[in-house]
Amino acid sequence: MSDQHRRPGKPYRRPKKDPVRMLAFEALRAVDERDAYANLVLPPLLRKAREKGDFDGRDAALATELVYGTLRRQGTYDAVIAACVDRPLREVDPPVLDVLSLGVHQLLGTRIPSHAAVSASVELARVVLGDGRAKFVNAVLRKVAQDDLDGWLAKVAPPYDEDPEDHLAVVHSHPRWVVSALWDSLGGGRAGIEELLAADNERPAVTLVARPGRATTEELLAEESAVPGRWSPYAVRLAEGGEPGAIEAVREGRAGVQDEGSQLVALALANAPLDGPDEKWLDGCAGPGGKAALLAALAAERGAALLASEKQPHRAGLVARALHGNPGPYQVIAADGTRPPWRPGSFDRVLVDVPCTGLGALRRRPEARWRRRPEDLDGFGPLQRGLLKSALEAVRVGGVVGYATCSPHLAETRAVVDDLLKQHPETELLDARPLLPGLPDLGEGPDVQLWPHLHGTDAMYLALIRRTG
């Protein structure tokens with residue numbers, strides 16, 4: 001600050017660097033500037049901070065909450081900030097908006113006292129934006145601090161009776177088109193969609209998979225804060241969050257981090273009834289390798305072999321790493337599933353977990369909701385149909401295909417399956433529900449849609465299709 005801007009007789013105080021909020025700001029800038037994903041950006045930042053001695057466990061937990069909480073509630077916070085500034089948000093510089101959003105989350109989404117939330121945010125602004133813009137941050141956050149979250153929602157969200165979708169979009173911080181798509185897929189009234197959107201904003205538990213023949217759930221349950229999974233016999237949850245990389249079985253690849261929904265999809269395909277031999281399995285969209293590793297382990301127990309195919313070479317490398325050490329025969333190749341190198345009718349079981357919008361994993365990738373657009377569906381649709389068509393051609397008569405997506409959007413689930421069944425009359429849908437024993441609320445079938453608020457999993461979709469001729 002120049003001398004003429006200092007108050008007479010008052011020495012200039014340098015801003016204090018708060019390593020927790022600096023790291024959170026750095027992560028948000030990476031998400032915004034580079035289209036990075038927080039779950040990929042944050043771990044190396046935290047690791048570096050720990051190595052420097054800046055962080056302990058509580059600091060890491062607060063930084064994680066600040067980043068994920070801000071990203072999850074971005075839509076709500078934008079509406080609050082817009083009510084407190086005298087210009088359109090698009091005219092506020094993105095770094096300023098990130099500092100404001102971090103401050104608003106501390107004020108409205110945490111138990112941090114208001115005065116501490118404001119002062120810490122202003123100090124951060126002084127460090128990363130300069131003293132001039134820090135005054136703007138201070139003025140906006142003091143306005144925000146005049147009410148709590150419920151009070152602000154009453155001001156900035158339209159009444160439910162006037163515009164249900166826009167009300168839910170602001171209150172639960174989802175784009176309106178996503179609210180509409182999820183509601184269409186879920187069906188039902190207000191209670192169900194409110195519970196689903198609220199579940200999308202909750203921090204999911206870290207779930208591990210004990211790969212059969214390589215690790216046991218008993219071994220994983222010996223870890224601190226570990227509890228059994230709800231549905232998969234191979235699942236263990238780390239109730240306190242925990243650091244999976246610190247677990248020996250995970251480091252050695254005998255266990256992995258995998259949502260229970262993904263485990264259930266692989267198990268259902270592996271246990272689907274077959275006519276004839278059960279020797280050759282295919283994962284046609286294998287990257288990054290979680291389902292392939294579980295399938296390979298299950299195949300090994302039966303003397304079957306898995307071929308794991310992934311189009312992107314670097315992702316095929318991740319698959320190879322996930323399968324390394326599998327006790328039974330397997331092969332990993334880089335190949336385009338829509339133009340496959342294998343002969344038709346070569347496999348007994350085929351899984352295609354197709355690329356999709358990822359609307360079923362918004363708990364884990366909260367920023368994805370702001371990046372996706374309705375027109376993205378137009379790009380994924382032909383690819384999803386092409387991959388399912390190729391899978392149906394790859395399986396032998398009497399064999400079974402599992403079509404899976406991590407999206408509940410009807411355009412990516414039933415619409416794709418219905419189209420391909422019409423084109424391939426020599427197929428039939430199997431009832432997938434009996435292959436997910438113990439799970440409630442699986443609907444009328446024969447396909448299955450899992451939900452975060454009903455099952456505690458990502459919103460995975462599964463259709464099982466048998467080739468009959």
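Residues numbered from 1 in each chain as written. Predicted model: local features only at pLDDT ≥ 70, side-chain atom pairs only at ≥ 80, totals over all residues. Heavy atoms only, no water.

## Examining the overall build of the chain
- Assigned secondary structure in the chain consists of 20 helices and 12 strands.
- Its C-alpha radius of gyration of 25 Å places the chain within 12% of the 23 Å reference for a compact globule of 469 residues.
- Principal-axis analysis of the C-alpha atoms gives the chain an extent of 90 × 50 × 40 Å.
- Buried positions account for 53% of the 469 residues belonging to the chain.
- Long-range pairs, those at least 24 residues apart, make up 72% of the contacts in the chain with a sequence separation of at least 6.
- Working note: accessible area of the chain is about 21,000 Å², and carbon and sulfur atoms make up 50% of it.
- Taken together, the 59 basic and 65 acidic charged side chains of the chain have centroids lying 6 Å from each other. (Helix = DSSP H or I, 4+ residues; strand = E, 2+ residues; numbered from the N terminus. Rg over C-alpha atoms; globule rule 2.2 N^0.38 Å. Buried < 20%, exposed > 50% of the residue type's maximum accessible area, 1.4 Å probe, protein only. Contact = heavy atoms within 4.5 Å. Areas by Shrake-Rupley, 256 points an atom, 1.4 Å probe, with all protein chains shown as cover. Lys, Arg positive; Asp, Glu negative; His and termini not counted. Charge placed at Lys NZ, Arg CZ, Asp CG, Glu CD.)

## Focus on empty space enclosed by the protein
- One pass over the full model with this rule turns up 1 cavity of 30 Å³ or more.
- As a volume, the largest cavity reaches approximately 40 Å³.
- Lining the largest cavity are Leu282, Gly284, Gly337, Trp342, Val350, Val352, Leu387, Ser390, Ala391 and Ala394.
- Of all elements in the fold, only strand S8 (347-353) and helix H18 (376-394) reach the threshold of two or more residues within the lining of the largest cavity.
- Here the lining of the largest cavity takes 4 residues from H18, the largest share from any one element. (1 Å grid on protein atoms, 1.4 Å probe; cavity = no way out; pocket = protein on both sides within 12 Å on 5 of 7 lines; lining within 4 Å. Points joined across faces, edges and corners; volume = space filled by probe spheres on them.)

## Quick look at the sheet that holds strand S1 (residues 206-210)
- The sheet built from 4 strands is open, its strands ordered S2-S3-S1-S4 with antiparallel pairing. Each end of this open sheet is capped by a strand with a single partner; those strands are strand S2 (226-228) and strand S4 (255-257). Along the sheet, successive strands turn relative to each other by an average axial angle of 30°, direction set aside.
- The pairing of S1 with strand S3 (residues 235-238) spans 4 bridges and is classified as antiparallel. Note that in S3 the partner of Val206 across the bridge is Leu238.
- Against the sheet, helix H14 (residues 260-271) contacts S1 and S3, and its axis sits at roughly 30° relative to S1. (Pairing = 2+ DSSP bridges. Axes fitted to C-alpha atoms, helices over the stretch in contact; angles between N-to-C directions.)

## What about the packing of aromatic side chains?
- Throughout the structure, instances matching the rule amount to 2 aromatic pairs.
- With a centroid separation of 6.0 Å and 85° between ring planes, the pair formed by Trp342 and Phe347 is classed as edge-to-face. Across this residue pair, the class does not change: Trp342 and Phe347 are buried.
- One residue, Arg365, lies across the ring of Tyr37, its end atom 4.0 Å from the ring centre. (Phe/Tyr/Trp six-rings, centres within 6.5 Å; stacked < 30°, edge-to-face > 60°. Lys NZ or Arg CZ within 6 Å of the ring centre and 35° of its normal.)

## Here we look at the pairing of strand S12 (residues 461-467)
- Most of S12 is tucked away: 7 of the 7 residues are buried.
- Burial along S12 is two-sided: the residues Tyr461, Ala463, Ile465 and Arg467 and Leu462, Leu464 and Arg466 are all buried.
- When strand S9 (residues 395-405) meets S12, the two strands line up antiparallel, connected through 6 bridges. Bridge pairing in S12 places Ala404 opposite Leu462.
- Note that strand S10 (residues 427-430) and S12 share 4 bridges and pair antiparallel. For Glu428, the partnering residue across the bridge sits in S12 and is Arg466.

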